[in-house]
Amino acid sequence: MAALNVHKPPNLIPALRIALRGHAILENPRYNKGTGFTLKERKAFGLEGRLPYRTNSLDEQCDRAYTQLNQRDTPLRKNTFLQSLKDQNWILYFSLLARHLKELIPIIYTPTEAEAIASYSHIFRRSDGLFLTFPDEDIMEEMFLEQTRGRDIELIVVTDAEAILGIGDQGVGGIGVIIQLTCDILREAHVKFRFLQQNLSYTRKTALKTAGLVGGIDPSKSLSVTLDVGTNNEDLLNDPLYVGWPERRIRGEPYDRFVDKFVQLVRKYYPHSLLHFEDFGVTNAHRILDRYHDTHAVFNDDIQGTGAVTLACIISAIRVSSRARASSSSPEKKKLSEQRYIIFGAGSAGMGIAVQLRDAIVSADGLSRSDANRLFWMIDRDGLLHQNLEIQGVTEHTKEFVRSAEEGWGGNEHVSLLKVVEKVRPTVLIGCSTSAGAFTREVTEAMMRGLDEGAHPIILPLSNPSRLAEATPKDLMHWTSGRALIATGSPFESVKMKVDGKDMEFFIAECNNALIYPGLGFGSILSQSRTVTDTMLIAGAKRLAELSPAISSTDDGEYNGAALLPDFGDSPRVNFEVGVTVAEQAVKEGTATADWSGTTDEERQRGIQEVRNRAEKKVWVPIYPEYIYDQNGQNDA
């Protein structure tokens, strides 16, 4: 069991004093061990006769659960089995995920989770998380306190489910992605702390954060929230089994008032918590993040998580490419500011990537915001965004990246991706369009012609799922004769081919938020940062890039085919390192609480040195601690 999490071996897990006995402890997923209760514990907690004779180790329980899981013949049935397991026993659930992380991520997350969310009202069995519905706005505080009173909550994941990736507006079913996210954060706390998730639904994202991928947050200290403000999904509105508020989405001032009331409750009762926004629509996501960015520790995974992991991937790719060019006649281009970026897809993900990269350029290379903006060419369904084009629904963030009319892009006409590539000669091409096959051979070869000698094209077809990717890695590698540096939004097999007569195997990194957002969350919670700053995000992305196999395994300048980002199987260690770095940055810049940073440079330096030690103590791992019965002990979920 020590191998589950090197940061906290079993001997360092303290015993818990618990007041629950009998049926109450068996029905509590936080404390239930099932057949894992020792004989001593069974006697102390009144469990004799309530359980079969034999005591099982956690390893044995995981083996049994894995066998039961494999008897389910579809991904959705496996998903619901795991959700049921989580409802019974948190530690067993997360331990099972930890042992089979890569295999089970597609079951508890993309793509199976989308099906589970879409079917939420039809497979509903048990409520999980907090539902705040617009008609109940007047009693929101009462409902919030009823769910949270007496709890030490560090992470709150919230959605209004308007923009679930790939399936859009899912109304109240969006609790699934939130739970999963909570699980993610928690899981990361364990299996991203070595564990990958902790909420399958609200735990799905949260689960990824907690349990598995790298966060290390105690599941009992997280809360998943759905803001049910209606739905515009006609199928749901016409479904007699839909369990949410069956009205169209509210907009404008009533929506803002409702969201603000919730945020103010979080600030009032849990001022040091991390508030994670998930799957808000493009019209609200940036606006809400901007509104609360400076007043609370808030985070939007779709915007900042996507941007941060893409930034890490590009930093890694630039280092690989610059090494290869060291022996060529053209100058090395090691800086983010020395690249030219085309982003195909200007929605929330594409804009999040552009903003994150732009901010990193300003921070790392000292460019002005306006100069950094000019390194980006954004393309959406109407073509290149330029001033002569009549663009509908432009946000303030989008306006910054609209190209000047003086560049000669023509009148109000569509400027294609190929035309932009030929004129701009990009070094980085990013796809967030869900336009399958958009990165054609013609586009790719045009990009190759525009590069300096010895440079590698950095091509990131990030659209999910794999069938919507802008190009396949296999095609890109063949079209570029093995030169492309590739990462994708969905998992792809490695590419084997001959390059200059030599057999090569190129491993394709999955540029997935789960490699970084649990660590970003853990670092923010660990430091109790007052805000989640751009510099904290950039620090986390740089640390992730440093862990890239492509960097650590390339010594002679030649790219050997290693992945640009770490493997998911290493996510616990990766997210732990990201979390430590993020917390160190918070202490360094003074956004951490006074308990951490103090007021003098000497006190802050001591705080930075203490981060790793505190992180190791704080991380939650799915291992059974010893239980001691105490009438005054813990009795909550």
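These numbers were taken from a predicted model, which means no experiment stands behind them.

Engineer: What is the right way to look at helix 19 (residues 417–424) in this model?
Structural biologist: In an α-helix, one turn spans 3.6 residues, which is why side chains three or four residues apart end up on the same side. Listing the buried residues of helix 19 in full gives Leu-417, Leu-418, Val-420, Val-421 and Val-424. Each buried residue of helix 19 lies within a common arc of 165° when the element is viewed along its axis, so the set occupies one face. Next to the buried residues of helix 19 lie strand 7 (341–344), strand 8 (376–380), strand 9 (383–384), strand 10 (428–431) and helix 20 (441–449). Of the residues flanking the end of helix 19, it is Arg-425, one or two places downstream, whose phi is positive at about 55°.

Engineer: What exactly am I supposed to notice about the sheet that holds strand 9 here?
Structural biologist: The strands that make up a sheet pair up through hydrogen bonds in the backbone, lying either parallel or antiparallel. One open sheet accounts for seven strands, arranged 9-8-7-10-11-12-15; its pairing is mixed. Both edges of this open sheet fall to strand 9 and strand 15 (509–510), since each of them pairs with a single strand only. Of the pairings in the sheet, the one linking strand 11 (residues 458–461) to strand 12 (residues 485–488) comprises two bridges and is parallel in character. What sits directly across from Ile-458, in strand 12, is Leu-485. The strands touched by helix 16 (residues 348–365) within the sheet are strand 7, strand 8 and strand 10, with strand 8 carrying the most contacts at an inclination of about 175°. Helix 19 contacts strand 7, strand 8, strand 9 and strand 10 of the sheet and is inclined by roughly 175° relative to strand 7.

Engineer: I would appreciate a short explanation of the side chain of Thr-398 in the present structure.
Structural biologist: Along the chain, the position of Thr-398 falls in helix 18 (residues 396–399). If near-sequence neighbours (up to four positions away) are discounted, Thr-398 is found in contact with Met-351 and Leu-385.

Engineer: Whenever I open this one, the UniProt feature "binding site: (S)-malate" (unreviewed entry) in the protein confuses me. Can you help?
Structural biologist: In the numbering used here, UniProt assigns the "binding site: (S)-malate" (unreviewed entry) feature to Asn-464 and Asn-512. A maximum C-alpha distance of 10.1 Å is found for the annotated residues, which run over 49 residues; spatially they form one tight group. Overall, Asn-464 belongs to the buried group, its relative accessible area being 18%. A polar side-chain atom of Asn-464 sits 3.5 Å from the main-chain carbonyl oxygen of Gly-489. Within the element layout of this structure, Asn-512 appears in the loop between strand 15 and helix 22 (517–527).

Engineer: Help me understand the pattern of salt bridges, please; the structure alone is not making it clear to me.
Structural biologist: Pairing of side chains with opposite charge becomes possible as their charged atoms draw close. Within the structure shown, the criterion is met by 29 salt bridges. Across the pair Arg-287 and Asp-256 runs a salt bridge whose closest N-O atoms are separated by 3.0 Å. One end of the pair, Arg-287, is in helix 14 (residues 282–292); the other, Asp-256, is in helix 13 (residues 252–269), with 31 residues separating them in the sequence. A relative accessible area of 22% places Asp-256 in the partly exposed class. In the salt-bridge network here, residues are joined through shared partners; they are Arg-358, Asp-359, Arg-369 and Glu-400.

Quick notes on the rules
Residues numbered from 1 in each chain as written. Predicted model: local features only at pLDDT ≥ 70, side-chain atom pairs only at ≥ 80, totals over all residues. Heavy atoms only, no water. Buried < 20%, exposed > 50% of the residue type's maximum accessible area, 1.4 Å probe, protein only. Helix = DSSP H or I, 4+ residues; strand = E, 2+ residues; numbered from the N terminus. Arc of directions from axis to C-beta. Contact = heavy atoms within 4.5 Å. Pairing = 2+ DSSP bridges. Axes fitted to C-alpha atoms, helices over the stretch in contact; angles between N-to-C directions. UniProt positions renumbered as here; feature names shortened; annotations may be inferred. Polar contact = N/O pair within 3.5 Å; in protein donor to acceptor, adjacent residues only side chain to side chain. Salt bridge = Lys/Arg side-chain N within 4 Å of Asp/Glu carboxyl O.

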